[in-house]
Amino acid sequence: MVTKGASHSTVVDGAWQARELPFGSNSVQHGTAVFEGIRMYATPTGPALFRLDEHLERLLDSAALLGIPHAYDLTSLRGHVRDAAAASGLDNAYVRPVLHTREPRLGVNLQDFQFTLGTEIWALPPDDTPPPAVRVTVSPWCRPSRLTFPVRAKATGTYVVSALARTRASADGFDDAIQLDPNSGRVAEATIANVFLVREGRLVTPWLEDSVLAGITRDTVLTLARDLGIETAEAPVEAGELPAADEMFLTGTASGLVPVAAVESHTYAAARPVTDALSRAYREAVLGGGTSRSSWLTPVPHPDSSTSYLRGVS
Ligand code: PMP
């Protein structure tokens, strides 16, 4: 979905900068950066960023987990990202703030580098229809072990593992792959999304004891499910249990809720009452409808009204 839109703009540290990053940048050479993916939606009252603060808190946590030095706090990050979103002039977009270093030096001690925020924005089509169901395989490539990496951090370098699993799944004729926790052997998540199962009306997602990114969409869906009176559980999930589920879906900021049509050779029933109900609730929430919590949507100022505001950022 995101790849359909053209990359629109880059704002680094509040100022427009050359899009080019020095090729020798440590972030390019070693994948040393932490990032977020945030959706901007066209709502009836104008463009808004969905769960901006939760994403930025996770960005700060990711930086802390890796020991990345930087000069931002939640307030300054919020200002930078809203500025970048406003400056794009878009109202439907994927917004990616990245704490990276532009310094073209080698070395693996992150304390030696200065990290700055850059925000890349991809336009998304306005007719953003719900995604079609996907077919998934169980990948031979596990998620990083918690003994290898702080698995709660969203870091650029670890996406090589997601790329490995997705590339292999695609070559094998699947849309995505379920990755396991290497220590427990249980289901962790898909390559860039969390996993949900519905069993006898109960919603289950792998618990955070396994190698799972604590997805913001995962949290949104758990909250909406409770609001709808659906029983929820964060629990250990064995790969062998996947075909026994009545419904399965994936969650992530970029695509929202993605129904799973089949896992390996097992095909799920085409009727997905719980997935459909949650998809509707999610869509309402992101577009500012009925079940939306006002704190989940951060308005983005219109570019015409924000020119001086943009220039004021240091
Ligand atoms: N796991 C991984 C590895 C991801 O890249 C993503 C996408 N950010 C997710 C889960 C879902 O997280 P979120 O709902 O916060 O987008």
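Treat the numbers as computed from the prediction; the structure is a model and nothing was measured.

Definitions and limits used
- Residues numbered from 1 in each chain as written.
- Predicted model: local features only at pLDDT ≥ 70, side-chain atom pairs only at ≥ 80, totals over all residues.
- Heavy atoms only, no water.
- 1 Å grid on protein atoms, 1.4 Å probe; cavity = no way out; pocket = protein on both sides within 12 Å on 5 of 7 lines; lining within 4 Å.
- Points joined across faces, edges and corners; volume = space filled by probe spheres on them.
- Helix = DSSP H or I, 4+ residues; strand = E, 2+ residues; numbered from the N terminus.
- Nonpolar A, V, L, I, M, F, W, Y, C, P; charged D, E, K, R; others polar.
- Salt bridge = Lys/Arg side-chain N within 4 Å of Asp/Glu carboxyl O.
- Buried < 20%, exposed > 50% of the residue type's maximum accessible area, 1.4 Å probe, protein only.
- Phe/Tyr/Trp six-rings, centres within 6.5 Å; stacked < 30°, edge-to-face > 60°.
- Lys NZ or Arg CZ within 6 Å of the ring centre and 35° of its normal.
- Core = buried A, V, L, I, M, F, W, Y, C linked by side-chain atoms within 4.5 Å.
- Contact = heavy atoms within 4.5 Å.

### Examining empty space enclosed by the protein
Part 1 of the reasoning: A full pass over the atoms with the stated rule returns one cavity of 30 Å³ or more.
Part 2 of the reasoning: Its boundaries defined by the atoms lining it, the largest cavity holds a volume of some 50 Å³.
Part 3 of the reasoning: In terms of lining residues, the largest cavity is bounded by Arg-39, Tyr-41, Phe-50, His-55, Ile-216, Thr-217, Thr-220, Thr-253 and Tyr-282.
Part 4 of the reasoning: Considering every element that reaches the lining of the largest cavity, the biggest residue donor is helix α5 (residues 216-227), with three residues.
Part 5 of the reasoning: Per-class residue counts for the lining of the largest cavity are four nonpolar, four polar and one charged.

### Considerations on the pattern of salt bridges
Part 1 of the reasoning: Throughout the structure, instances matching the rule amount to 13 salt bridges.
Part 2 of the reasoning: Ionic pairing is found between Glu-36 and Arg-58, a salt bridge with its closest N-O pair at 2.8 Å. Of this pair, Glu-36 sits in the loop between β3 (34-35) and β4 (38-43) while Arg-58 sits in helix α2 (residues 52-66), and the two are 22 residues apart along the sequence. Taken as a pair, Glu-36 and Arg-58 share a single burial class, namely buried.

### A closer look at the packing of aromatic side chains
Part 1 of the reasoning: According to the stated counting rule, one finds five aromatic pairs in the structure shown.
Part 2 of the reasoning: An aromatic cluster of three or more residues is present, and its members are Phe-50, Tyr-282 and Trp-296.
Part 3 of the reasoning: Taking the ring centre of Phe-113 as reference, the NZ or CZ of Arg-105 above it sits at 4.6 Å.
Part 4 of the reasoning: Sitting above the plane of the Trp-296 ring, Arg-293 keeps its charged end 4.8 Å from the centroid.

### Here we look at the nonpolar core
Part 1 of the reasoning: In this structure, Met-40, Leu-49, Val-81 and Leu-99 are the most contacted members of the largest nonpolar core, which totals 28 residues.
Part 2 of the reasoning: Breaking this core down by element, the ones donating at least two residues are β4, α2, α3 (74-88), β6 (93-100) and β7 (116-123).
Part 3 of the reasoning: In terms of residue count, α3 provides more of this core than any other element does, five residues in total.
Part 4 of the reasoning: If near-sequence neighbours (up to four positions away) are discounted, Met-40 is found in contact with Pro-47, Ala-48, Leu-49, Ala-85, Ser-88, Leu-90, Asp-91, Asn-92, Ala-93, Val-95 and Val-300.
Part 5 of the reasoning: Formed by 21 residues, the second largest nonpolar core is a distinct cluster that contains Tyr-41, Phe-249, Leu-257 and Val-286.

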